[in-house]
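The primary structure of each chain is shown beneath.
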Amino acid sequence: MWSRFQVKALKRVLISEFNTWTKLDTMQKTQQALPRVYVTRRVPPEGLKILRQSGMCNIELWDSDDPVPRQELLKKVSGVDGLLCVLTEKIDAELLNVAGPNLKVVSTMSVGYDHLSRDELKKRGIRVGYTPDVLTDSVAELTVALLLATSRRLIEAVNEAKNGGWGTWRTMWLCGYELSQSTVGILGLGRIGVAIAKRLKPFGVKRFIYTDVAPRPELAAQIQAEYVSLDELAKESDFLAVCCALTPETQGICNSALFNKMKKTSIFINTSRGAVVNQDDLYNALTSGQIAAAGLDVTVPEPLPTSHPLLTLKNCVVLPHIGSATYATRGTMSVLVANNLIAGLKGESMPSELKL
């Protein structure tokens, strides 16, 4: 026979277990009621922390540094309310059809948006957040570093030092081109173009010139840059930095017509989008001596196959799209992409919304 004390103890245990079960059941129901969000890549922890602590969404994460396979992506987006992606994910009609009518917001951790089918998103009333401005400094720094590495032949020099090519001092060995008293041309003058010019000015650049769809006097005034035609830009630039967005008008704009007008001593740098350059024409310009050298942080495709002809050239420096690759910038991008997503789920104004 149970004593009164045993009955009370059992009662306390049962009540405690019931309360625990009730809490778990409530939490489970609450989680199920929250908007579903799919995150297509392992993003910096600052952004994930914001999402998890917001209490606004139920997150599923592709926890890898490698892209989510397309079929897996299509499976996971079905029925989601929000999608956090990066520029390797093609957000097109096929994906949006699979996602269905619940999808309210796409937040991309990128400044570029050529991976998004804007017309399809607009047609469905899906809002889009992106991450401009925050990577201006890091991309500008990388552009200057790439320009110097290319013009002063730093990769060649490192290889020579490592591979036994460093012999006696020679008068013209590994000579390159300097910025002092040079003309720097900018194709596409925006925030990044201005930031690049500001960093190059202390090197003694004599003149900055630029071309764009139209003159941009306010930005140009910050760096005392002169607006010129595309032909003039090609003919007069000692260093030509491509900073334009990828649009139907800029697709393949850097082609043989441009390279054939450039100086044989000129240096070509692209840190914008790979598709603005016709890579076959660039290869021909580099191998024929039409231009001196090129530095690329972006290519088509990405990654560039190791057998690609451009990678065989000593006068072409190719980087694996690392323009924004600083800890500070990637962390800031992840915070912005998370806040854009949350605002979109709430139906509030986004910190950075792409106008469709």
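Residues numbered from 1 in each chain as written. Predicted model: local features only at pLDDT ≥ 70, side-chain atom pairs only at ≥ 80, totals over all residues. Heavy atoms only, no water.

Focus on the nonpolar core
Here comes step 1: Ranked by size, the top nonpolar core spans 28 residues in total, and within it L179, V184, I186, L189, L200, F208 and I223 carry the most contacts.
Here comes step 2: Per-element accounting of this core gives the leading share, five residues, to helix 8 (residues 191-200).
Here comes step 3: Those residues in contact with L179, other than ones at most four positions away along the chain, are L147, L148, V184, L200, F203, G204, V205 and F239. (Core = buried A, V, L, I, M, F, W, Y, C linked by side-chain atoms within 4.5 Å. Buried < 20%, exposed > 50% of the residue type's maximum accessible area, 1.4 Å probe, protein only. Helix = DSSP H or I, 4+ residues; strand = E, 2+ residues; numbered from the N terminus. Contact = heavy atoms within 4.5 Å.)

Re the sheet that holds strand 2 (residues 58-61)
Consider a sheet: its strands pair through backbone hydrogen bonds, and that pairing is either parallel or antiparallel.
Here comes step 1: A sheet is described by the order of its strands in space; here five strands give the open sequence 2-1-3-4-5, paired in parallel fashion. Only two strands of the sheet have a single neighbouring strand rather than two, namely strand 2 and strand 5 (127-129). When the angles between neighbouring strand axes are averaged without regard to direction, this sheet yields 15°.
Here comes step 2: Pairing between strand 1 (residues 36-39) and strand 3 (residues 82-85): three bridges, direction parallel. What sits directly across from V37, in strand 3, is G82. (Pairing = 2+ DSSP bridges. Axes fitted to C-alpha atoms, helices over the stretch in contact; angles between N-to-C directions.)

A short note on the side chain of S107
Here comes step 1: Topologically, S107 is positioned in strand 4 (residues 105-108).
Here comes step 2: Look at S107 and you get buried, because its relative accessible area is 0%.
Here comes step 3: Of note is the side chain of S107, whose polar atom sits 2.7 Å from the backbone oxygen of V337.
Here comes step 4: Excluding residues within four positions of it along the chain, S107 makes contact with L83, L84, C85, G129, V337, N340 and L341. (Polar contact = N/O pair within 3.5 Å; in protein donor to acceptor, adjacent residues only side chain to side chain.)

Some words on the packing of helix 6 (residues 136-151) against helix 8
Here comes step 1: Axis separation between helix 6 and helix 8 bottoms out at 9 Å; the angle between their running directions is 50°. As the angle between them shows, helix 6 and helix 8 are arranged oblique. For the pair helix 6 and helix 8, the sense of crossing is right-handed. Taken together, the residues of helix 8 that come into contact with helix 6 (itself represented by T136, D137, V139, A140, E141, T143, V144 and L147) are R191, I192, A195, I196, R199 and L200.
Here comes step 2: Residues that form the contact of helix 6 with helix 8 fall into these classes: eight nonpolar, two polar and four charged. (Parallel < 35°, antiparallel > 145°, perpendicular 65-115°, else oblique. Left-handed = near helix turned anticlockwise from the far one by under 90°. Nonpolar A, V, L, I, M, F, W, Y, C, P; charged D, E, K, R; others polar.)

Considering the pairing of strand 4
Here comes step 1: On strand 4, burial covers both faces: V105 and S107 on one face and V106 and T108 on the other are all buried.
Here comes step 2: Two elements, strand 3 and strand 4, share four bridges in a ladder whose sense is parallel. Residue pairing in the sheet places L84 in a bridge with S107 of strand 4.
Here comes step 3: Handedness of the crossover is the feature at issue here: the chain leaves strand 3, passes through helix 4 (residues 93-99), returns alongside strand 4, and the resulting connection is right-handed.
Here comes step 4: By the bridge criterion, three bridges tie strand 4 to strand 5 in an arrangement that is parallel. Across the sheet, the residue bridging to V106 is V128, located in strand 5.
Here comes step 5: With respect to chirality, the unit in which strand 4 leads through helix 5 (residues 118-124) into the neighbouring parallel strand 5 is right-handed. (Right-handed = clockwise from strand over helix to strand, strands pointing away.)

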